[in-house]
Amino acid sequence: VPDLWFVVDAEGRYAEVSDLGHPALDRPWGALQGRPFMLLPPPREPQPLHEALQRARDSGLVQTLEYAVAPSAEDHRAYEARIAPMPGGGWLCLGRDISERRRAEEALARSRDELERLVADRTRQLTVARDAAEQANRAKSEFLSRMSHELRTPMNAVLGFAQLLGLDADLPPRSREFLDHITRAGKHLLHLINDVLDLAHVESGRMTLSPEPLALDDVVQEVVALMRPLAAQHQLRIE
């Protein structure tokens, strides 16, 4: 196995090593055998090794210590030590180089942080865009509503004076025909103004419908009357 492992006797001394030539074994085995156990390679900061050995013995469970190795000019390495109690006393201690795993975890954490930052930035941008769109929509609805009311006033005046002219019994037939066109066109424009107001109501969720019968003949005749002058300008005839 790639791990460096030691057998530690019941008194806490080195008893056996897995590989005399293991790269993590930074000193001759003769300098370690029979001496008090310590973590190899040595950690950058002291580790509660004695407490871990005692917990493993008392609980019968594997204890795990992760630590950083004193950095060299070439690399920063991290190790994981696992301490397992052995029957009859003593421990089995395994050391594993987890530097690559740590680097992968750190890279993943950086990627996650960057992704969270991008999501937060995009969320802020979308919020600003949404607020701007809502503000523009409110401004448009307010404008449509005010414009519709402003158009309704002169339109009512046009229709009112057209009705007054219609009361003149001496009005020539040709003029009365023109007056009828003005009245129909005015009423049509008033309907359009009301439709604009209805559009503002739709956007605010206050639209109401009133289904009712409609005489199709009247609609067709009104459309033909409105379109005939424009068609005549282009030398077209509407039937």
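Residues numbered from 1 in each chain as written. Predicted model: local features only at pLDDT ≥ 70, side-chain atom pairs only at ≥ 80, totals over all residues. Heavy atoms only, no water.

## Concerning the overall build of the protein chain
Secondary structure assignment for the protein chain yields four helices and five strands. Reading the protein chain from its N end, one meets helices and strands in the order β-β-α-β-β-β-α-α-α. Here the C-alpha radius of gyration of the protein chain, 46 Å, is well above what a compact globule of 239 residues would show, namely 18 Å. Seen through its principal axes, the protein chain has C-alpha atoms that stretch 135 × 40 × 30 Å. Relative to its full complement of 239 residues, the protein chain shows a buried share of 23%. Taking the intrachain contacts of the protein chain between residues at least 6 apart in sequence as the baseline, contacts between residues at least 24 apart amount to 44%. Approximately 17,000 Å² of the protein chain is accessible, and the part contributed by carbon and sulfur atoms is 59%. Charged side chains in the protein chain number 29 positive and 37 negative. The centres of these two groups are separated by 2 Å. (Helix = DSSP H or I, 4+ residues; strand = E, 2+ residues; numbered from the N terminus. Rg over C-alpha atoms; globule rule 2.2 N^0.38 Å. Buried < 20%, exposed > 50% of the residue type's maximum accessible area, 1.4 Å probe, protein only. Contact = heavy atoms within 4.5 Å. Areas by Shrake-Rupley, 256 points an atom, 1.4 Å probe, with all protein chains shown as cover. Lys, Arg positive; Asp, Glu negative; His and termini not counted. Charge placed at Lys NZ, Arg CZ, Asp CG, Glu CD.)

## Considerations on the sheet that holds strand E4 (residues 78-85)
Across the sheet, which stays open at both edges, the five strands sit in the order E2-E1-E5-E4-E3 with antiparallel pairing between neighbours. Since the sheet does not close on itself, it has two edges, and those belong to strand E2 (14-17) and strand E3 (63-68), each with one partner. When the angles between neighbouring strand axes are averaged without regard to direction, this sheet yields 20°. Bridge analysis of strand E1 (residues 4-8) against E2 gives three bridges, and the strand direction is antiparallel. Residue pairing across strands places Phe6 opposite Val17, the latter belonging to E2. Where helix H2 (residues 99-166) meets the sheet, its contacts fall on E3, E4 and strand E5 (91-97), and the angle it forms with E4 comes to roughly 120°. (Pairing = 2+ DSSP bridges. Axes fitted to C-alpha atoms, helices over the stretch in contact; angles between N-to-C directions.)

## Details of the confidence of the model for the protein chain
On average, residues of the protein chain score 86 in pLDDT, and 94% of them are at 70 or above. Mean pLDDT per element in the protein chain: helix H3 (residues 173-203) is the minimum at 81, and E2 is the maximum at 94. (pLDDT = per-residue confidence, 0-100.)

## Some thoughts on helix H4 (residues 216-233)
With 18 residues, H4 extends 26 Å from end C-alpha to end C-alpha; this agrees with the ideal 26 Å at 1.5 Å per step. Every buried residue belonging to H4 is among Val224, Ala225 and Ala231, and all of these are buried. (Expected span 1.5 Å × (residues − 1).)

## Here we look at the packing of aromatic side chains
Within this structure, the stated rule accounts for six aromatic pairs. Measuring from centroid to centroid gives 5.2 Å for Tyr14 and Phe37, while their planes differ by 70°, and the two rings are edge-to-face. A residue pair is termed long-range when its members are at least 10 positions apart, and Tyr14 in strand E2 and Phe37 in the loop between E2 and helix H1 (49-59) qualify at 23 residues. Classification of Phe37 as buried rests on a relative accessible area of 10%. Here the aromatic rings of Tyr67 and Tyr79 are separated by 6.3 Å at their centres, their planes lie at 20°, and the arrangement is stacked. Here Tyr79 lies in strand E4 and Tyr67 lies in strand E3, a separation of twelve residues in the sequence. Among the residues examined, Tyr67 registers a relative accessible area of 4% and is labelled buried. (Phe/Tyr/Trp six-rings, centres within 6.5 Å; stacked < 30°, edge-to-face > 60°.)

## Topic: H1
Spacing of three or four residues puts side chains on the same side of an α-helix, whose turn is 3.6 residues. Where H1 is concerned, the buried positions are Leu49, Ala52, Leu53 and Ala56. Down the axis of H1, the smallest arc covering the buried residues is 100°, so these residues share one side. Residues of H1 that are exposed and angled more than 90 degrees away from the buried face: His50 and Asp58. Where the residues of H1 are buried, they touch E3, E4 and E5. (Arc of directions from axis to C-beta.)

## Quick notes on the pattern of salt bridges
Tallied over the entire structure, the rule returns 17 salt bridges. A salt bridge links Glu100 to Arg103; the nearest nitrogen and oxygen atoms lie 2.6 Å apart. Placement of the pair is Glu100 and Arg103 together in helix H2, with a separation of three residues, close to one helical turn. With relative accessibility at 30%, the residue Arg103 sits in the partly exposed group. In this structure, Arg117 engages Asp121 in a salt bridge whose closest nitrogen and oxygen atoms are separated by 2.9 Å. Of this pair, Arg117 and Asp121 both sit in helix H2, four residues apart, roughly one helical turn. Looking at Asp121, the relative accessible area reads 22%, which means it is partly exposed. When salt bridges with common partners are traced through the structure, they connect Glu66, Glu80, Arg82, Arg101, Arg102 and Glu105 into a single cluster. (Salt bridge = Lys/Arg side-chain N within 4 Å of Asp/Glu carboxyl O.)

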